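Working through the structure, step by step
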Amino acid sequence: MLEAKVNQFLQNNNLIKDDYIIVAVSGGVDSMVLLDILYKLKFNIVIAHVDHHKRIESELEKEYIKNYALENNMIFELLDFYDDHTDNFHNNAHNARYQFFKVLADKYHTNLIYTAHHADDNLETIIMKIIEGSNLYGYGGISRIYDDDEYKVIRPLLEFFKDELYEYAKINKLTYFEDSSNKEDYYLRNRIRHNIIPLLKEESNNINKKIVEYSNILKESFEYIRKDSIRYLNENNDIININNFILLDKALRKDIICLMLEKENIRKSYSLIEDINNMLNSNLGSKRIILENNNIFIREYDKAYIKKIKDYINLDIRFGIDDEVIYNNKYKIYFSKNKPIVNAKFIHLCYNNLKLPFGIRKKMDSDTINLLIGRKKLSRLFIDEKIPKEERNEIPVIYNNDNIILWVYDIAKSKEVFDEKEKGDIYLVVERI
């Protein structure tokens, strides 16, 4: 039944061809089921396997898939990807995998890339996007066919739940491997998989069909808007013209921003898109929002664009009373006359004593802060507070125009701040985003 449905899907979309196809194979049940079906349909298969070197078992899995390819007259290609020890590992690994698939597609003169995403993956992705925030396309989950005019990423198993894949593997006596890390609840996706998905399935035995309908509606709406976004950025050389941008529909404005972020592989969130859109619709002449991957979103009067920062680690971001700064894609910094929301951190200052512009940056070796008792180097402060080394450069340091450090976010406030606490009439707020 599953094999017949996949075959029908491929025929309906004119995907039964003699060309090579690139098939992403991890060795898990989903990719081994996909591989078995495509083999039976007599495709010319190039297996693309990525070894992330995160588990001891990965060596055994690699060798099994390599021998499987040899025995079944398939081509085996390998990418070794190592942990870069950043909080972006999953995002970086994802980008590296798809770049690997595209390189292989070029090598074997094809544009067809097959992955084994299934209905559970799609449901998990949709819930993650709702939790983290995204755009219309992201909220719609995974596309069964993603076509960027150069490559097609095809996911024939997207309408089937993993239980159906296990059943297929059992009937067809397939060998597959279980990733032990999938049992842990350390990652958000795993917590959703183990705790939320089972409840949804209990509530509706037709949840896979409903998810497909939901996903298709959002994807269709997105595709309609995305055509205009592509046209706008092509006509304006990837630069926003503020004068005509503010006349566009809000949905289109937001998608143009999303497309600009996507081109630089910058993670999107609802709050980031909202902040950029609000900045572009304000009356401010010039403003900047710091992004990840060494990028900065710049508004300069009637134009806005994304620029790569060559010396990001030494960059000082200056901001005034009406500015809002997104720092390292983790923090939103701004002044407010009202007491901040419960989950925000803040310092209370006296408006008349503000020495603007303020600055925000990472710590420097020579940095010191005046405490209520004595003066301390920031390097010593981090040690005393037991802040891990890998986190020290991520913590915002905020200072005034006299280069006096006022606040090491969530760690220490300066004597100058405490002295103004009683007469303070304005808040400097930092929100985690």
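Refer to the preceding data block for the structure.
**Regarding a negative patch on the surface**
- Residues Asp106, Asp147, Asp149 and Glu150 make up a contiguous surface patch of negative charge.
- Owing to a relative accessible area of 51%, Glu150 belongs among the exposed residues under this scheme.

**With respect to the nonpolar core**
- Judged by nonpolar contacts, the single largest core of 35 residues is most densely connected at Ile333, Phe358 and Leu428.
- In terms of residue count, the dominant contributor to this core is strand 19 (residues 405-408) (four residues).
- In this structure, Met32, Ile65, Tyr68 and Ala169 belong to the second largest nonpolar core, which totals 33 residues.

**Looking at the packing of aromatic side chains**
- Inspection of every chain in the model, using the stated rule, returns 14 aromatic pairs.
- Where Tyr64 meets Tyr68, the ring centres are 6.2 Å apart and the plane angle is 45°; that geometry is what we call tilted. Of this pair, Tyr64 and Tyr68 both sit in helix 3 (residues 58-71), separated by four residues, roughly a single helical turn.
- Residue classification places Tyr64 among the partly exposed residues on the basis of a relative accessible area of 27%.
- Following the ring pairs from residue to residue traces out a cluster consisting of Tyr64, Tyr68 and Phe177.
- The ring of Phe9 has Arg144 lying over it, and the distance from NZ or CZ to the ring centre is 3.8 Å.
- If you follow Arg361 out to its NZ or CZ, it ends over the ring of Tyr399, 5.0 Å from the centre.

**So, the pairing of strand 19**
- Bridge count between strand 18 (residues 397-399) and strand 19: three bridges; the pairing is antiparallel. The partner of Val397 across the bridge, within strand 19, is Val408.
- Count of turn residues in the strand 18/strand 19 antiparallel hairpin: five residues, of which Asn403 carries a positive phi of about 60°.
- Linking two consecutive strands that pair antiparallel, namely strand 19 and strand 20 (residues 412-413), is a turn of three residues; a positive phi of about 65° is found at Asp410 within it.

**Examining the pattern of salt bridges**
- Applying the stated criterion across every chain yields a total of 18 salt bridges.
- As a salt-bridge pair, Glu274 and Lys254 come within 2.2 Å of each other at their nearest N and O atoms. With a gap of 20 residues between them, Glu274 in helix 12 (residues 270-280) and Lys254 in helix 11 (residues 250-263) connect regions that are remote in the sequence.
- Of the residues examined, Lys254 reaches a relative accessible area of 18% and is grouped as buried.
- For Asp402, the salt bridge identified is with Lys355, shortest N-O distance 2.9 Å. Placement of the pair is Asp402 in the loop between strand 18 and strand 19 and Lys355 in the loop between strand 14 (345-349) and strand 15 (358-361), with a sequence separation of 47 residues.
- Classification of Asp402 as partly exposed rests on a relative accessible area of 42%.

Rules behind the numbers
Residues numbered from 1 in each chain as written. Predicted model: local features only at pLDDT ≥ 70, side-chain atom pairs only at ≥ 80, totals over all residues. Heavy atoms only, no water. Patch = residues over 30% accessible without salt bridge, like charges linked within 9 Å, V, L, I, M, F, W, Y side chains within 5 Å. Areas by Shrake-Rupley, 256 points an atom, 1.4 Å probe, with all protein chains shown as cover. Salt bridge = Lys/Arg side-chain N within 4 Å of Asp/Glu carboxyl O. Lys, Arg positive; Asp, Glu negative; His and termini not counted. Charge placed at Lys NZ, Arg CZ, Asp CG, Glu CD. Buried < 20%, exposed > 50% of the residue type's maximum accessible area, 1.4 Å probe, protein only. Core = buried A, V, L, I, M, F, W, Y, C linked by side-chain atoms within 4.5 Å. Helix = DSSP H or I, 4+ residues; strand = E, 2+ residues; numbered from the N terminus. Phe/Tyr/Trp six-rings, centres within 6.5 Å; stacked < 30°, edge-to-face > 60°. Lys NZ or Arg CZ within 6 Å of the ring centre and 35° of its normal. Pairing = 2+ DSSP bridges.

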